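# Structural features, examined
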Amino acid sequence: MYNTSILKTYNFIIVKSSKELILSGNFLYILSIKQKFELTDSLICGRSQEVDLTLDDNLVSSKHFMIRLKNGFVYLKDLESHNGTFINGVKVESNKFIQIDSEDIIRVGKENLFLNSIPVDAGEISLPDVTGSITLKESGMEEQSVDQVTSEHQLDQLLLEGQNKTEGLAGLRKAKKVLEKLASEKENLSNQKNDKDKTKKEYDRTLGELKSIDKFLLSNNVKSLNDINEKISHLDKENEVIENEVLASLRKIKEIESHIKSLKKSSLINENKKNELNELFNLCTQRDKLVLFAGELDKSIHQVNEEEINIKIEALNTQILEWQEKLKEQKEEFGANFESPFGKKRK
């Protein structure tokens, strides 16, 4: 059993579109314990420990209701519960699936469950305390908490009180949603009114641009898109002719480049041959010079008279002997040795 004295007043967040609902996942928020319970494709809620979501509440049946997810939408079915299932304070028919969304509050027994929305501590609408502060007093009886209520009369009175408060909360949510929609519509109308002058200025500016463009086009002898297309077509034809000439020129350039390479190769071959011929020319020149030199040597050889030379040599030998004798006589006359200027004798 939950202690109803811990229940307080909270505010809430509303997921406003099915798209956001699908993207954010689907869950039930249990107010009394402030926890989220993620929904699966099919879920059964009740007081039994064998169901998917167990609520420890003596006003909840063992298998109280079922929730099913299909194609992004959430459906609820009451499983013939004893005290019924309420959507926004209205009791739903048993064994019949009804579609619910993030604007709806599910109440079973003392419990309020919020679909895809979480009460928070700040916001515009306060969530009334549904059952936490409810006490019952009858004549001759002291005040009793909800956990102490046992009579059918007290139970009916408690459920009615919870139903009324849930209906009030649902009404507040609906009113808030309507107010937000009306405020948004008012803002849109105000924006349209305020934007009228801006739109007029934009229109005038656009007309000015159009006039300026028309004037410029006329100055270039352009009246319509056909004129431009004809000029573009003419340029395309000229470009095609130029492209063909360019391709032909490129082919000629390739031929010329090939010819140039051939000429360069021939020039290099001729240059090598020229160098070889120059070497042969130098050899021939050297040979001719050697031939002339050999001729001169031969001529000189043949011009020499060995007999005359021998006679001259003999004459010279005789003269040499005579002068050697004269030298010897002079040495004997003046002395073989004499003092030198430095005090030493020289022979």
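Our structure's up above, just so we're on the same page.
Residues numbered from 1 in each chain as written. Predicted model: local features only at pLDDT ≥ 70, side-chain atom pairs only at ≥ 80, totals over all residues. Heavy atoms only, no water.

## So, the overall build of the chain
Cut-off, in case you're wondering: Numbering of helices and strands starts at the N terminus; helices are DSSP runs of H or I of at least 4 residues and strands are runs of E of at least 2. Throughout, exposure labels follow a simple rule: accessible area from a 1.4 Å probe, protein chains only, divided by the maximum for the residue type, with under 20% read as buried, over 50% as exposed, and the rest as partly exposed. Residue contacts are defined here by distance: any two heavy atoms, one from each residue, within 4.5 Å place the two residues in contact. Values of accessible area rely on a 1.4 Å probe in the Shrake-Rupley scheme; residue burial ignores everything except the protein chains shown.
The helix and strand inventory of the chain stands at four helices and 15 strands. Every one of the 347 residues in the chain was classed for burial, and the buried ones make up 25%. Within the chain, contacts between residues separated by at least 24 positions form 53% of all contacts whose residues are at least 6 apart in sequence. Carbon together with sulfur atoms contributes 54% to the accessible area of the chain, which is approximately 25900 Å² in total.

## Side note on unusual backbone geometry
Backbone geometry places Asn-88, a non-glycine residue, at a positive phi of 55°. Assignment of secondary structure puts Asn-88 in the loop between strand E8 (85-87) and strand E9 (90-91). Judged by relative accessible area, which is 18%, Asn-88 ranks as buried. Backbone geometry places Asn-116, a non-glycine residue, at a positive phi of 60°. Take Asn-116: it is sitting in the loop between strand E12 (111-115) and strand E13 (119-120).

## A look at the sheet that holds strand E10 (residues 98-100)
What counts here: Between any two strands, at least two bridges found by DSSP are needed for them to pair.
Within the open sheet, the five strands sit side by side as E5-E4-E6-E7-E10. Their pairing is mixed. Strands at the two margins of the open sheet, each flanked by one partner only, are strand E5 (53-54) and E10. As paired elements, strand E4 (residues 42-46) and strand E6 (residues 65-70) share four bridges and run antiparallel to each other. Bridge pairing links Ile-44 to Met-66 in E6.

## Description of a negative patch on the surface
We count it as follows: Patches here are clusters of residues that have more than 30% relative accessible area and form no salt bridge, with a 9 Å joining cutoff for like charges and a 5 Å cutoff for nonpolar side chains (Val, Leu, Ile, Met, Phe, Trp, Tyr). Take a side-chain nitrogen of Lys or Arg and a carboxyl oxygen of Asp or Glu: if they are within 4 Å of each other, that pair is a salt bridge. In this tally, Lys and Arg are treated as positive and Asp and Glu as negative; His is ignored, and so are the chain termini. Note that the charge is assigned to NZ on lysines, CZ on arginines, CG on aspartates and CD on glutamates.
Judged by side-chain charge, Glu-325, Glu-329, Glu-332 and Glu-333 come together as a negatively charged surface patch. Looking at where Glu-332 falls in the secondary structure, it is placed in helix H4 (residues 306-334).

## A word on the nonpolar core
Put simply, the rule reads: For our purposes a nonpolar core is just a set of buried Ala, Val, Leu, Ile, Met, Phe, Trp, Tyr and Cys residues, chained together by side-chain atoms within 4.5 Å.
Core analysis: the biggest nonpolar cluster contains 20 residues, and Leu-28, Phe-65, Ile-67, Leu-76, Ile-106 and Leu-113 have the highest contact counts within it. Looking at this core, the elements that each hand over two or more residues are strand E2 (27-30), E4, E6, strand E7 (73-78), strand E11 (105-108) and E12. Per-element accounting of this core gives the leading share, three residues, to E6. Those residues in contact with Ile-67, other than ones at most four positions away along the chain, are Leu-28, Leu-39, Asp-41, Ser-42, Leu-43, Val-74, Tyr-75, Leu-76 and Ile-106. Core analysis: the next-biggest nonpolar cluster, separate from the first, contains six residues, Phe-27, Leu-31, Ile-105 and Phe-114 among them.

## A closer look at the sheet that holds strand E3 (residues 35-38)
The six strands lie next to each other as E3-E2-E12-E11-E8-E9, forming an open sheet whose pairing is antiparallel. With partners counted over all chains shown, the strands left at the sheet margins are E3 and E9, one partner each. Relative to E3, E2 is paired through four bridges, and the arrangement is antiparallel. Its bridge partner being in E3, Phe-27 is matched across the sheet by Glu-38.

## Focus on the pattern of salt bridges
If you walk through the whole model with that rule in mind, you get five salt bridges. For Arg-205, the salt bridge is made with Glu-209, and the minimal N-O distance between the two is 2.2 Å. With Arg-205 and Glu-209 both in helix H2 (residues 152-219) and four residues apart, the pair spans about one turn of that helix. Via salt bridges that share partners, Glu-202, Arg-205 and Glu-209 belong to a single interconnected network.

## Details of the packing of aromatic side chains
Applicable threshold: Centres within 6.5 Å make a pair out of two Phe, Tyr or Trp rings, where for Trp the six-membered ring is used; the pair is then stacked when the planes are under 30 degrees apart, edge-to-face when over 60, and tilted otherwise. Counted as over-ring charges are cases with an Arg CZ or a Lys NZ within 6 Å of the ring centre that also lie within 35 degrees of the ring normal.
Scanning the model with the defined rule gives zero aromatic pairs in all. Here the basic side chain of Lys-36 rests over the ring of Phe-27, its NZ or CZ set 4.3 Å away from the ring centre. Of note, Lys-326 hangs over the ring of Trp-323, and the distance from its end group to the ring centre comes to 4.3 Å.

## Things to note about the side chain of Arg-107
As a reminder of what qualifies: Throughout this description, a polar contact denotes any pair of N or O atoms lying within 3.5 Å of each other; where both atoms belong to protein, one of them has to be capable of donating a hydrogen while the other can accept it, and for residues adjacent in sequence the pair is counted only when both atoms sit in side chains.
Structurally, Arg-107 can be placed in strand E11. Within the structure, Arg-107 has its side chain in polar contact with the backbone oxygen of Gly-109 (distance 3.3 Å).

## Thoughts on the pairing of E11
The alternating pattern of E11 places Ile-105 and Arg-107 on one face and Ile-106 and Val-108 on the opposite face, and all of these are buried. For E8 and E11, the ladder comprises three bridges, and the chain directions are antiparallel. Residue pairing across strands places Phe-86 opposite Arg-107, the latter belonging to E11. Bridge count for E11 against E12 is four bridges, and the pairing is antiparallel. Its bridge partner lying in E12, Ile-106 is registered against Leu-113. Linkage of E11 to E12, two consecutive antiparallel strands, is achieved through a turn of two residues, within which Gly-109 is found at a positive phi near 60°.

## Structural notes on the environment of Asp-56
Within the secondary structure, Asp-56 is located in the loop between E5 and E6. A C-alpha to C-alpha distance of 9.5 Å links Asp-56 and Glu-111, two positions 55 residues apart in sequence.

## Observations concerning H4
Stated formally: To estimate how far a helix should extend, the number of its residues minus one is multiplied by 1.5 Å.
Relative to the 42 Å expected for 29 residues at 1.5 Å per residue, H4 spans 42 Å between its end C-alpha atoms, a close match to the ideal helical length. Of the residues that open H4, the one with a side-chain oxygen 3.1 Å from the backbone nitrogen of Glu-307 is Asn-305.

## With respect to the pairing of E6
Pairing of E6 with E7, which is carried by six bridges, proceeds in the antiparallel orientation. What sits directly across from Lys-70, in E7, is Phe-73. Count of turn residues in the E6/E7 antiparallel hairpin: two residues, of which Asn-71 carries a positive phi of about 55°.

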